[in-house]
Amino acid sequence: MYLRSNRRIKDGKEHRYWNIVESKRCAGGKVVQRQVLYLGEINDSQRQAWWRVIEAFDEQSQQRTQLALFPAEGELPEHAKGYGVQVRLEAMELHRPRQWGACWLACHLYEELLLDQFWATRLPDSRQGSCWRHILQTLICYRLIDPGSEWRLQRLWFENTAMGDLLGEDYSLVEKNALYRCLDKVVEHKRALFDHLRERWQDLFRAKFDILLYDLTSTYFESDPPKDSRDKRRFGYSRDKRGDCVQVVIALVVSPEGFPLAYEVLPGNTSDKTTLKEFLHKIETQYGKAERIWVMDRGIPTEEVLSEMRQSDPPVYYLVGTPKGRLSQLEQKLLSLPWQAVRPGVKVKLLPQHQELYVAESHDRINKERAMRRRQTKALVKRLKQLQAMKLSSTQTLLLKLGAAKGQYPAAWRLIDITIPEPPNIRFSFRLNRQKLRAVRRREGRYLLRSNLCGKEPAFLWQFYIQLVEIEAAFKDLKDDLKLRPIYHQLQSRIEAHIFVAFIAYCLQVTLRARLRLVAGGLTARAVLDKFAAIQMLDVKFPTTDGRTLILSRYTEPNTDHKILLEQLKLTLPPQPPPRISAAGELMH
C-alpha cells in the first residue's frame, strides 16, 4: 500500500485529494491498483479559499477542535497559525486492522428493530459506569456474526472488530465479569420483548401471526448432571444424538415467514405431548384469543388437547401430522377414494371423520424414501453376511454385534427375520419378510394429516403443512449458525440468558432474511454477513511537525458487490469517523 494524491481543478482552483492505494500484480504481469482508503483533501496553498478545515478530537483537552491540514514540505501560512497543522505524509502508518462491515450491519439490524430503544429504559447504566445495553448489544452481535464463548469475546473478538468504534466504547466494555452480570439482567424482560418484536415486524413487513408453527428441539450440556432437583438440565430424548449428555428442551412458535413469536425453555426430560396445552394458554394470555391455525408434527398433540381445541370459543384450528400406523385403521376406506392432484407430483385423498378431515398425500417423495430404504437394506444384509462368516466365541458376542447392526440400520431391521439357534450353536440365519416389505412400500411417500379445517381445499392444507420446514430451519440456524449448542454455563439463570441472547440474534438474522427475500432471494443472511465482514477499519496515523499524531480511523472502500447489496437493501454507509489528534509526545494505541 502507498499514499497517492490526485490534483483536481474545481471552480478555477487547484485541490489535492489523498488516498491510500493498494497495488497487485495479476497473472499476466499487469499491475492493478485499488483505492483502499479515501483521506480527503489536504491544503498545500496559502490562499484562504483553498483551506480545508476539519473537526478533530483533541486528546489533551478532551474537546473537539478545528484544524487545517497542510503538508510538512511547505511552510505554514501566517493566517493559519493556531489551528494549522503540518502533516508528514511520508511517515504515514496503518495500525490495527479490524472487522467493521458485519458489525455495522448487525448494529443496523439491531436499531431497525428498535432494540436500542427497548433496552435503554430497561437496562440503565450502573453506578460504576457499566453500560449494560451496549454490553448486551455486543453479546447479540457477537452471537450473530461469529458466535463463541464469553471468554473468546473478551480476549479475541472485541479487539479484532470495530464494535467499540460503533458504540463509542473501549475495551473495558467487555470485562469478563460485566459480560456475565449482564446475562443476569435480561431474561426478566423476555415477555415484553416478544410483544415489541411482534409489533415491529408488523410495522416493517406487515407480518401476520394467524398461522403458527409449533415444534420442539433439545440442546445439550457437556457437564456433570446437576444435583439440584429443580434444575432443568435432565437426561431425555436427544434430537442431537447425545443421549449421554444432560439437556434442556426448547419449544418454539414461529410464523410461516420464520418470524419467531415466543419460546420456552423446558426440562430436558419433558415429553412433547405435555407441552402444547400450556403453550396454547400462554399465547392466548399474552396476545388474546383469536382464530389461529396451529401447524404441528405428530407426537405433539394428545386427543384430549385436540378435543379442547375443537370445542374452544373461538375454535382453535389445527393441522397435525399423524403416525403412519393410523393408516392401517383407515386403509380400507381410503382405498375406495380417488386421488386428487393439487400440484405436479402431489396427490391427496380426503376422508371426513368426526369433525375432522384426514388427508392422505403421495408425491415424488416415494422415490426418495424407497432409495433410502433400499440403501439401508443392502447395507444391513451385507453386515449380516459378514457376521455369518465370522468365527465368534459365544452367543453373547453374536447378540452384541446384532444389536449394533440394529442400532445402525433400524428401518431395514424391521424387514428382516433373524433366526438364532440354541447354544452352543452360534450360526444364525436371516431372510427378508416380504409381507412387511409390501406394507412398507404401500406407505412410502404417503402422509396422514388431520385437521378441523373442514371445507378447505386440499392444496391449501398441504401448503400449510409443508411450512413446518420453516421451524426446522429455525432450529438448524440456532444450533449450527448461531452455535446454541453445546451450552457450558452452570447457573440456571445464565443458561436461560444464553438461549435468550441466541434468540435475539436469530431475530436479527430473520429480519435480514426478510429484507433479502424481496430483493435477492438466492442469498442467505449468513452469506451477506460474511460478505460485509470483508470491509475492514484501520487507524491511519500521520505524525505532525509539532510532535503530535493525527489519527484517522477509516473503513475500507466497499467493492462492487457491497455497493450492489447496499443499493438493493436501501442502506447507506455512515460517514467516516472524525479525526483525532494526540497531545505532543503522547504514544497513541
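The following refers to the structure shown. Please read these numbers as outputs of a predicted model, since none were measured by experiment.

The next subject is the overall build of the protein chain. What the protein chain contains, in helices and strands, is 19 helices and 21 strands. Buried residues in the protein chain amount to 48% of all 589 residues. Considering only intrachain contacts with a sequence separation of at least 6, the fraction spanning at least 24 residues in the protein chain is 63%.

With that settled, consider the side chain of Arg 526. Residue position: Arg 526 is located in helix α18 (residues 525-532). Judged by relative accessible area, Arg 526 falls into the buried class, the value being 17%. Other than its neighbours up to four places away in sequence, Arg 526 contacts Leu 144, Ile 145, Asp 481, Leu 482 and Gln 509.

Going through the model one piece at a time under the given rule, you end up with 32 salt bridges. With a shortest N-O distance of 2.8 Å, Lys 232 and Glu 496 are connected by a salt bridge. Residue Lys 232 is located in the loop between β8 (211-220) and β9 (247-254), and its partner Glu 496 is located in helix α17 (residues 492-519); the two are separated by 264 residues in the primary sequence. The class for Lys 232 is partly exposed, based on a relative accessible area of 21%. In this structure, Glu 304 engages Lys 277 in a salt bridge whose closest nitrogen and oxygen atoms are separated by 3.8 Å. You can see Glu 304 sitting in helix α9 (residues 303-311) and its partner Lys 277 sitting in helix α8 (residues 276-287), a full 27 residues away along the chain. With relative accessibility at 44%, the residue Lys 277 sits in the partly exposed group. Beyond isolated ion pairs, a larger network of salt bridges with shared partners links Lys 190, Glu 264, Glu 278 and Lys 282.

Time to look at unusual backbone geometry. Cis geometry marks the peptide bond from Arg 485 to Pro 486, where omega comes out at -15°. Within the secondary structure, Pro 486 is located in the loop between α16 (469-481) and α17. Of note in this structure, Arg 96 is not a glycine but carries a positive phi near 45°. Here Arg 96 falls in the partly exposed class, since its relative accessible area comes to 38%. Not every positive phi belongs to a glycine, and Arg 206 is a case in point at roughly 55°. Inspection of the secondary structure assignment puts Arg 206 in the loop between α7 (190-205) and β8.

So, how was this worked out
Residues numbered from 1 in each chain as written. Predicted model: local features only at pLDDT ≥ 70, side-chain atom pairs only at ≥ 80, totals over all residues. Heavy atoms only, no water. Helix = DSSP H or I, 4+ residues; strand = E, 2+ residues; numbered from the N terminus. Buried < 20%, exposed > 50% of the residue type's maximum accessible area, 1.4 Å probe, protein only. Contact = heavy atoms within 4.5 Å. Salt bridge = Lys/Arg side-chain N within 4 Å of Asp/Glu carboxyl O.

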